[in-house]
Amino acid sequence: MITATELRTLDVFPERPNTRPSYISAASGLVCVGSHIYVVADDELYLGVFSAGDNEPGRLIRLFAGDLPIVKADRKRQKPDLEAIVFIPAFEEFPCGALLSLGSASRPNRGRGVLLGLDPQGAVSGSPAQVDMAPLLGPLLQALADLNIEGAAVVGGEFLLFQRGNKKHIENAIIHYPLLPVLEAVRGPGTAAIAPSAITRVNLGVIEGVPLCITDAAALPNGDVVFCAVAEDTDDAYLDGRCVGAAIGIVDTTGQLLSLHRLEQPEKVEGISAHMGNDRLDLLLVTDADDPAVPAKLLSASFPL
């Protein structure tokens, strides 16, 4: 068992005071660059930016124009469902790297992506650029039942996406692409469809009869991947369900499960970032309570390697 410790709630300074809650509630992806903690949420049009050095409220960077409905059911239908965010190493006009965030593709309106350049300190530089993810996500609609992309990682020369299963379609999957064609696709329109080079299935077992399914992942320096997973009692990629358990694991890119550790509390963890050192893996995690009245939390955890 792993014990996760709450560090803070993800409170923010609203873009326009009195127009939205002063927190993120449905955190769904996490990446750390320098002293910056970046969080996407599946029911937001913004990126949350937090400092690793203090607990001051974060700030919001608008990713998409417009506003989402307040009513939960209407908001759920219209949201971009951003579920993954990943650091892309330096390439072309991004000498300090970039952040790529993308939707789950679980519905036709959930396949958008956003690319944000970074400066030498890891801060966002310039304006967000919307990205057509159809060249990547389109071919997956035929390859995977109930498509639901929840994580992304860059491992060496590969770009990996992580498919989340559910009770009806229990298979998690790692979807492999060569990195260079993906970078070409995110830099401009008109790219032809990119078929994955491989799709690796991953079975994580069950908790109380509910399958553990991947909710985010992050690359480790040795080429393996650390992931978070939850056992959510739902039959599809759209409806929420009760979270009966959660876990952290390590898998290699062939799909071999190297370790799996249950979380002591059944937190619905949906974002993960990792730092390896001193024979331990130190983690940051973010949560989604599936309740817009409950702020998301930033958690820490660690375990020996």
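Look above for the structure.
Values in this document were obtained by computation on a predicted structure and should not be read as measured data.

1. Some remarks on the pairing of strand β19 (residues 257-262)
Here comes step 1: Both strand β18 (residues 243-251) and β19 contribute to a ladder of 5 bridges, which runs antiparallel. Following the sheet pairing, A247 is matched in β19 by R262.
Here comes step 2: Hairpin remark: β18 followed by β19, antiparallel, with 5 residues in the connecting loop; positive phi at G255, about 95°.

2. Digging into the nonpolar core
Here comes step 1: Counting residues in each nonpolar core, the largest one holds 34 residues, and the members touching the most others are L10, Y38, L47 and L99.
Here comes step 2: Taken together, the elements giving at least two residues each to this core come down to β2 (27-33), β3 (36-41), β4 (46-51), β5 (59-62), β6 (82-88), β8 (112-117) and β21 (280-287).
Here comes step 3: Among the elements that make up this core, the one with the highest residue count is β3 (5 residues).
Here comes step 4: Those residues in contact with L47, other than ones at most four positions away along the chain, are Y38, V39, V40, R59, L60, I61, L63, I85, L99, L116 and V124.
Here comes step 5: Among the nonpolar cores identified, the runner-up in size contains 31 residues, and A98, L102, A185 and I194 belong to it.

3. Regarding the packing of aromatic side chains
Here comes step 1: By the definition in use, this model includes 2 aromatic pairs.
Here comes step 2: With a centroid separation of 6.5 Å and 50° between ring planes, the pair formed by F159 and Y177 is classed as tilted. Of this pair, F159 sits in strand β11 (residues 158-163) while Y177 sits in strand β12 (residues 172-178), and the two are 18 residues apart along the sequence.
Here comes step 3: The ring centre of F64 lies 4.1 Å from the NZ or CZ of R112, which sits over that ring.

4. Observations regarding the layout of surface pockets
Here comes step 1: Taken as a whole, the largest pocket encloses approximately 400 Å³ of empty space.
Here comes step 2: As for the largest pocket, its lining consists of 18 residues, of which T19, R20, P21, L68 and R75 are closest to the centre.
Here comes step 3: Residue composition of the lining of the largest pocket, by class: 9 nonpolar, 2 polar and 7 charged.
Here comes step 4: The space that makes up the second largest pocket amounts to roughly 320 Å³.
Here comes step 5: If you go around the second largest pocket, you meet 18 residues; those closest to its centre are V31, V86, F87, A218 and A219.
Here comes step 6: Grouping the constituent residues of the lining of the second largest pocket by class yields 16 nonpolar, 2 polar and no charged.

Definitions and cut-offs
- Residues numbered from 1 in each chain as written.
- Predicted model: local features only at pLDDT ≥ 70, side-chain atom pairs only at ≥ 80, totals over all residues.
- Heavy atoms only, no water.
- Pairing = 2+ DSSP bridges.
- Helix = DSSP H or I, 4+ residues; strand = E, 2+ residues; numbered from the N terminus.
- Core = buried A, V, L, I, M, F, W, Y, C linked by side-chain atoms within 4.5 Å.
- Buried < 20%, exposed > 50% of the residue type's maximum accessible area, 1.4 Å probe, protein only.
- Contact = heavy atoms within 4.5 Å.
- Phe/Tyr/Trp six-rings, centres within 6.5 Å; stacked < 30°, edge-to-face > 60°.
- Lys NZ or Arg CZ within 6 Å of the ring centre and 35° of its normal.
- 1 Å grid on protein atoms, 1.4 Å probe; cavity = no way out; pocket = protein on both sides within 12 Å on 5 of 7 lines; lining within 4 Å.
- Points joined across faces, edges and corners; volume = space filled by probe spheres on them.
- Nonpolar A, V, L, I, M, F, W, Y, C, P; charged D, E, K, R; others polar.

These values are about where atoms sit, not about what they do.
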